[in-house]
Amino acid sequence: MADGTEIQEQPNNHQELVFDDGRIEKIAEFQSPETLYQELTARVRKYHPSDDISLIEKAYETARTFHKEQVRKSGEPYIIHPLCVAIILADMEMDKETIAAGILHDVVEDTVMTSEEIRAQFGDDVELLVDGVTKLGQLQYATDKLDVQAENLRKMFLAMAKDIRVIMIKLADRLHNMRTLDYMTPEKQQEKARETLDIYAPIAQRLGISKIKVELDDLSLKYLEPEVYHDLAQKIAARKSVREKYVQDIVDEVSEHIKNAGIEAKIDGRVKHFFSIYKKMKNQNKTIDQIYDLFAVRIIVDNVKDCYAALGVIHEMYKPIPGRFKDYIAMPKDNMYQSLHTTLMGASGTPFEIQIRTYEMHRTAEYGIAAHWKYKEASDGKKVEAQEEEKLAWLRQILEWQKDMSDNKEFMKLLKSDLDLFSDNVYCFTPTGDVKNLPAGSTPIDFAYSIHSAVGNKMIGARVNGRLVTINYEIKNGDCIEILTSQNSRGPSRDWLNVVKSTQAKNKISQWFKNEFKDENIVRGKDLVSTYCKAKSIPLSDLMKPEYVEFVTEKYGFRDWDALMAAVGHGALKEGQVINKMLEVYERNHKENVTDEQVLEAIQDNAAKQMLPKSGKSSAGIMVKGINDVAVRFTKCCNPLPGDEIVGFVTRGRGVSIHRTDCVNVLRMPEAERARLIEAEWEVDAAGEQGGKYMVEIVVYANNRSGLLADISKTLMDRNIDICSMNTKTSKQGIATMAMTFAVSSREELSKVADKLKSIKSVIDVDRQANG
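Read on for a plain summary of the structure. (Residues numbered from 1 in each chain as written. Predicted model: local features only at pLDDT ≥ 70, side-chain atom pairs only at ≥ 80, totals over all residues. Heavy atoms only, no water.)

Some points on the pairing of strand E18 (residues 723–730)
Here is step 1: Relative to strand E19 (residues 735–744), E18 is paired through 7 bridges, and the arrangement is antiparallel. Across the sheet, Met726 pairs through a bridge with Met740, a residue of E19.
Here is step 2: Joining the antiparallel neighbours E18 and E19 is a turn of 4 residues, in which Gly734 adopts a positive phi near 85°. (Pairing = 2+ DSSP bridges. Helix = DSSP H or I, 4+ residues; strand = E, 2+ residues; numbered from the N terminus.)

A closer look at the environment of Ile288
Here is step 1: Along the polypeptide, Ile288 turns up in the loop between helix H15 (274–284) and strand E2 (295–301).
Here is step 2: The exposure class assigned to Ile288 is buried, which follows from its relative accessible area of 5%.
Here is step 3: Apart from the residues lying within four places of it in its own chain, the contact partners of Ile288 are Leu232, Lys235, Ile236, Ile277 and Met281. (Buried < 20%, exposed > 50% of the residue type's maximum accessible area, 1.4 Å probe, protein only. Contact = heavy atoms within 4.5 Å.)

What to know about unusual backbone geometry
Here is step 1: One non-glycine residue, Glu93, lies in positive phi territory at about 55°.
Here is step 2: Looking at the element boundaries, Glu93 is found in the loop between helix H4 (80–91) and helix H5 (96–104).
Here is step 3: Despite not being glycine, Ser537 shows a phi value in the positive range, around 55°.
Here is step 4: With respect to the helices, strands and loops of the structure, Ser537 is situated in the loop between helix H24 (518–535) and helix H25 (540–543).

Focus: the layout of surface pockets
Here is step 1: What the second largest pocket holds in volume is close to 510 Å³.
Here is step 2: Lining the second largest pocket are 21 residues, and of these Val228, Tyr278, Met281, Lys282 and Asn704 lie nearest its centre.
Here is step 3: Only helix H13 (226–238) and H15 provide two or more residues apiece to the lining of the second largest pocket.
Here is step 4: In terms of residue count, the dominant contributor to the lining of the second largest pocket is H13 (5 residues).
Here is step 5: Its residues placed into classes, the lining of the second largest pocket shows 5 nonpolar, 7 polar and 9 charged. (1 Å grid on protein atoms, 1.4 Å probe; cavity = no way out; pocket = protein on both sides within 12 Å on 5 of 7 lines; lining within 4 Å. Points joined across faces, edges and corners; volume = space filled by probe spheres on them. Nonpolar A, V, L, I, M, F, W, Y, C, P; charged D, E, K, R; others polar.)

Regarding the pattern of salt bridges
When their charged atoms lie close together, side chains carrying opposite charge are able to pair.
Here is step 1: According to the stated counting rule, one finds 23 salt bridges in the structure shown.
Here is step 2: A salt bridge links Arg64 to Glu34; the nearest nitrogen and oxygen atoms lie 3.2 Å apart. Remark: Glu34 occurs in helix H2 (residues 33–47) and Arg64 occurs in helix H3 (residues 54–66); sequence separation between them is 30 residues.
Here is step 3: What makes Arg64 partly exposed here is its relative accessible area of 31%.
Here is step 4: Among the salt bridges present, the one from Lys714 reaches Asp718, with a minimum N-O distance of 3.2 Å. (Salt bridge = Lys/Arg side-chain N within 4 Å of Asp/Glu carboxyl O.)

A closer look at the environment of Glu353
Here is step 1: Relative to the assigned elements, Glu353 resides in strand E5 (residues 351–358).
Here is step 2: Owing to a relative accessible area of 11%, Glu353 belongs among the buried residues under this scheme.
Here is step 3: The spatial distance from the C-alpha of Glu353 to the C-alpha of Gly269 is 9.7 Å, given a sequence separation of 84 residues.

Structural data, given as structure tokens:
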């Protein structure tokens, strides 16, 4: 899936990157599609057991024909993009169907060719792959960019579950688009780089494809933090010759000792990648001058025995730094990565890292799951596939969320949290010696749910290294954890949601509460919908026809009406959201042609109504149904604004308090209290009548940087907005969270302010607080 035909080619765009994988980097220098195609076929022939490349040739001819009229702003033919994607796939030694799908991956999205035509010409395999990376058409009811992004990612994950090769093509596509991002607007560059860093680079890491992952990281950094990126590049280049000599001296010294020990090995050294250095600076709050282990020496040997023999030689030569040895051969990472890591003190007092692995481990480290893509050619040319399903537990977990989660915002929040590149991990053990990899800061509850949801739901306590611990104990590397369970357990506590660290545990605990109280939630959801319709004088019976029910259940991703009502009862969806969507379709299907007689009749009715007593009017610009001269006050729990859907609550002795209809206090209100809710609405000129200023609280999330607060303050000052209160905090990952309160005249003004704040450099998101 391409990110659109506006993505531009820049021939030498990535030459400034400091990578050690120069083979791929030279691709963009080719200008002729024919030359690129020859390069592609030459690479495929190097590794593929069959000489028959007719499928790839046919795909090239088809794509060239359908993309014929399309060019990039640089003037180059569009076909260059899919060819470069195919070359990246060939570097991963993918099978011919994947290469063909890489060449064809844009024809359905950007040309008149259909999926049916691809299936007819290239078979089901290629069609499935192309469809998997083709973006959904413009979603009919999605007005939010986040909805479009979430729905496209949901589709991609489902396609990945059917065939993991889908994500190989998507990663290759994203890598080439990131290499050629210079022709995009700065806003688009930031948007694509943020999505790459949040979603695609972590997926490449999960699949163990470090060759793609490190380049996506560095390119994202270049566009998200250009000043940091160029500053890093200058500082590393400033002492390049000194550093290169230092690394080469270590390589020569190590080579001599390894050779004397009779171990056959390939040894090289390099400066670590930019993003790796940046991550250390951010997580450890240090400058580049304070990051000492900028260098890594890699030793590649023939077998595992030689890995440990080489380690012994190295530890004899240099003094190892305590606590900095990791054995990923005995305990591989989830993405199949295996290697010995040790940090040592050099002769000059400068620390450096050595990685020791076999050639097979090195290939897995570079290409991850792609290195284990096994195929063999039968005499009839058909391929037999073997996928490493057990390595994709994280993907199955994401698919579980998709089934259980209709809220796209919540889905994206969980996804980014689970794929967070800045988070560290801890390794711990089950009593039987199995290794579990959990996010840093995890508790025994996280551990229990990583084993099975039934273990977590029945957990009553835990032992760590034989000692009883509290459930909020923070797991450390090497801990052996035993979970104590009981059949009499009533299940998890809601407080656990504030204790657990892993996305998996949070999701499973939430699911338990949803399922446990499903029947009650269905009844509650139906009551909320019925009450809402009565309050708004909406005929619910008209909306309950099959076509409207089917539309809204499909819109929110539920299997039936009861499942949707359970979500409303649980609070995952607002009853107003559901009814208003159904009402939209109903009104679209029941448009009336108004006659002149009906218009005259309506005017006469309005004139008669002027003689009747009016609904209660308050000095705050609120109309309260059925009550005259009413005292109205705005609640601080949800800070309603003109334009918000509101409801009144008749208090004891303090008039009517006004809430937003989606206020948590209203949604959780006991049934006995709900009878005191009363219909209320804003007057037409509520915002202007008093010079109307209303308090509102928002939260700004941003990558922390110098001058951020000043930029936010200036943006608000420019709109004559005074900040009444502000509370800020910054996480270990460098994410700043700023809660601020100020006054605005309407929801529309707040929306404009939020848009302005979102345009500030390094701001990630702006949320309005439903409850203060």
